[in-house]
Amino acid sequence: MGASEGHKLVGVSDNQAVTAPRESDDEKQAETESRGFGDIATWWHSTTWVTRLVMFGIAVLFLLIGYFLGRCVEVPGASEFWAIAAQPLATLFAGLAALGAATLAYVTGRRAWGQAKEHHRSDRCWSRLQWVIDKGSSPGSRDSGLSEALREKILDAIESEAFDLDDAALKEAVAAYSDEVIDRYLDVKDAPPAS
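Residues numbered from 1 in each chain as written. Predicted model: local features only at pLDDT ≥ 70, side-chain atom pairs only at ≥ 80, totals over all residues. Heavy atoms only, no water.

### Observations regarding the overall build of the chain
Piece 1. Of the regular secondary structure elements, the chain holds 6 helices and 0 strands.
Piece 2. When the helices and strands of the chain are listed from N to C terminus, the series reads α-α-α-α-α-α.
Piece 3. Burial status across the chain gives 20% buried among its 195 residues.
Piece 4. Nonlocal contacts in the chain, meaning residues at least 24 apart in sequence, comprise 59% of its contacts between residues at least 6 apart.
Piece 5. Carbon and sulfur atoms make up 62% of the accessible area of the chain, which amounts to about 14500 Å² in all. (Helix = DSSP H or I, 4+ residues; strand = E, 2+ residues; numbered from the N terminus. Buried < 20%, exposed > 50% of the residue type's maximum accessible area, 1.4 Å probe, protein only. Contact = heavy atoms within 4.5 Å. Areas by Shrake-Rupley, 256 points an atom, 1.4 Å probe, with all protein chains shown as cover.)

### Some thoughts on the nonpolar core
Piece 1. Grouped together as the largest cluster of nonpolar side chains are 17 residues, with contacts concentrated most on L129, V132, I158 and L170.
Piece 2. With 6 residues, the top contributor of residues to this core is helix α6 (residues 168-190).
Piece 3. With sequence-adjacent residues up to four places away left out, V132 is seen in contact with L146, R151, I154, L155, I158 and Y177. (Core = buried A, V, L, I, M, F, W, Y, C linked by side-chain atoms within 4.5 Å.)

### Some thoughts on the pattern of salt bridges
Piece 1. Here the structure, examined in full by the defined rule, presents 4 salt bridges.
Piece 2. The partner of R121 in a salt bridge is E161, with the nearest N and O atoms 3.1 Å apart. Taken as a pair, R121 in helix α4 (residues 79-136) and E161 in helix α5 (residues 148-165) lie far apart in primary sequence, 40 residues in all.
Piece 3. On the accessibility criterion, R121 (25% relative accessible area) is partly exposed.
Piece 4. Note that R128 is salt-bridged to E161, the shortest N-O span being 3.6 Å. One end of the pair, R128, is in helix α4; the other, E161, is in helix α5, with 33 residues separating them in the sequence.
Piece 5. A relative accessible area of 13% means that E161 is categorised as buried.
Piece 6. Through salt bridges with shared partners, a single ionic network connects R121, R124, R128 and E161. (Salt bridge = Lys/Arg side-chain N within 4 Å of Asp/Glu carboxyl O.)

### Overview of a nonpolar patch on the surface
Piece 1. On the surface, a cluster of nonpolar side chains totalling about 1000 Å² of accessible area is made up of W49, V50, L53, V54, I58, L61, F62, I65, L69 and V73.
Piece 2. With respect to the secondary-structure elements, I65 resides in helix α3 (residues 49-72).
Piece 3. The partly exposed category is assigned to I65, whose relative accessible area is 40%. (Patch = residues over 30% accessible without salt bridge, like charges linked within 9 Å, V, L, I, M, F, W, Y side chains within 5 Å.)

### Thoughts on the environment of Y177
Piece 1. Looking at where Y177 falls in the secondary structure, it is placed in helix α6.
Piece 2. A relative accessible area of 1% places Y177 in the buried class.
Piece 3. Once the C-alpha coordinates of Y177 and L155 are considered, the two residues, 22 residues apart in sequence, prove to be 9.0 Å apart.

### With respect to unusual backbone geometry
Piece 1. Positive phi, normally seen in glycine, also occurs at D166, with a value near 60°.
Piece 2. Inspection of the secondary structure puts D166 in the loop between α5 and α6.
Piece 3. Given a relative accessible area of 59%, D166 falls into the exposed group.

Okay, here's the thing in structure tokens:
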């Protein structure tokens, strides 16, 4: 099941069925940030074509001013100095640029790893909840299902992890299933004994 398809719980009645949210604007922004662009990409996408054209025009203007100043004004310092110092300075700046790129790649990789880990935890919780629902809704099979105490402990663990993940849909799904199980238990408990 893809990340944007959402999760549909089997075994929960239709009026209590809960689905995980589809990809929202926050997830799209998180994906943009995980690529390493973050606020810059968000800002760029929020600008209009007129603003972009003006920025491009300003950049071209500064390029032309720099070109003509370079042609009109002599470079400071002796040309012998620049013949000796140019290559070490270029190497220094290239090294600094490489270190900056490596730092950016590291930070982006760590962020993507954290998001992938959180997504894996969320999928694992949904799978556990589906397993509990499947075990609880198969009383006629050879498998005896789960005892009420064990089901409650597992649901508490899933709910605790949902709070850690701050997954509202998962919290709601656990609560809905817990309520349904409690209602079913009370119905069975209050039913007259079969004679």
